[in-house]
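Structural description and commentary
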Amino acid sequence: MKMALNGATTMKADLETDIRAASEAGFDGLEIWAPKLHTFLESHSTRDIKDLFERHKLEPYSINSLEHITFRNAGAHRRLLAECEDLCRIASEIRCPYIVAVPSPLPPGLSRSDVIEESTQVLGELCRIAESFGVRLAFEFLGQTDCSVQTLALADEIVKRVARDNVGLVVDTFHFYAGGSTLDSIASVDPSRLFIFHINDAEDLPRELLEDRHRLLPGLGILPLKEIIGALKGIGYDRVASVEIFRPEYWDRDPFELAREARAATARTLEI
């Protein structure tokens, strides 16, 4: 399995530093954090990004992300479609295959069927935009209690209903655990639809109290990583594991040192 670094792990570093740190640590790819991308493009071009990746022998794996895509008002929805088109254009120009799409919090009074209907409709619209650029969308469920899509089973049902070749799933070990997803739900996933696998660990806290800041490097916490990885291998997934950790104390560290530790921790966990 290849390994990638997600730019959220080194949040305070800029895009060029992320590329250099990931490459020097021995990662195969980088998930680009969208705000860093926009900052870089204020004074550079997509050709410059492509050159940086080529120079450092690194692959752009995804752009993170289109946030809160569902349950928007009309004006916010139009802005989402414009943002999707802009990110898809950039992804196409730098040969980045995926853009991550994240659902919104659940509005009061809505049902599971409301969530499925809204998510399916919006993802379908976004996929039509992405298709024209040859880009695929990776739908990421969030385990936090206020999210409209908290489990792999629900996200998988939505992706199947969209029924487009360029939409698939993100499985993040933190969200998988926090939201109460089951190992059995992995067995129902078509591995060709599993576009991105985020690997991380977490502190020993009750699931309902876990927040992104409680994430840890793989192997340092209590998540059932061996079991999750085993279930993924059981359906034939063996492509990429990407380290995504939103831990503020990590952000204050030297990004090159952190990237090296992240890769070593991931390799140990994957038994590479």
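Residues numbered from 1 in each chain as written. Predicted model: local features only at pLDDT ≥ 70, side-chain atom pairs only at ≥ 80, totals over all residues. Heavy atoms only, no water.

**Digging into the nonpolar core**
Core analysis: the biggest nonpolar cluster contains 96 residues, and Phe27, Leu30, Ile63, Leu66, Ile69, Ile99 and Phe197 have the highest contact counts within it. At eight residues, the largest contribution of residues to this core is made by helix H5 (residues 112–131). Excluding residues within four positions of it along the chain, Phe197 makes contact with Met1, Tyr61, Val171, Thr173, Ile228, Ile229, Leu232, Tyr237, Val240, Ala241 and Ser242. (Core = buried A, V, L, I, M, F, W, Y, C linked by side-chain atoms within 4.5 Å. Buried < 20%, exposed > 50% of the residue type's maximum accessible area, 1.4 Å probe, protein only. Helix = DSSP H or I, 4+ residues; strand = E, 2+ residues; numbered from the N terminus. Contact = heavy atoms within 4.5 Å.)

**Things to note about the sheet that holds strand S4 (residues 98–101)**
Strand order in the closed barrel formed by eight strands is S1-S2-S3-S4-S5-S6-S7-S10, and the pairing between neighbours is parallel. The sheet shows a mean angle of 30° between the axes of neighbouring strands, direction not considered. Taken together, the four bridges between strand S3 (residues 59–66) and S4 define a ladder with parallel strand orientation. Opposite Ser62, over in S4, you have Tyr98 as the bridge partner. Lying on the sheet, helix H4 (residues 74–94) is in contact with strand S2 (29–33), S3 and S4; it crosses S3 at an angle near 175°. (Pairing = 2+ DSSP bridges. Axes fitted to C-alpha atoms, helices over the stretch in contact; angles between N-to-C directions.)

**Side note on helix H1 (residues 15–25)**
The set of residues buried in H1 consists of Leu15, Thr17, Asp18, Ile19, Ala21, Ala22 and Ala25. Against strand S1 (2–6), S2, helix H2 (34–41), helix H3 (46–55) and helix H11 (255–270) lie the buried residues of H1. A positive phi of about 100° marks Gly26, the residue just after H1.

**Notes on the pairing of strand S5 (residues 136–140)**
Among the five residues that make up S5, four are buried, leaving the element largely enclosed by the rest of the structure. With four bridges connecting them, S4 and S5 associate as parallel partners. Across the sheet, Ala101 pairs through a bridge with Phe139, a residue of S5. Alignment of S5 against strand S6 (residues 167–172), held across four bridges, turns out to be parallel. Bridge pairing in S6 links Phe139 to Leu169. Each parallel crossover has a hand, and the one from S5 via helix H6 (residues 152–162) to S6 is right-handed. (Right-handed = clockwise from strand over helix to strand, strands pointing away.)

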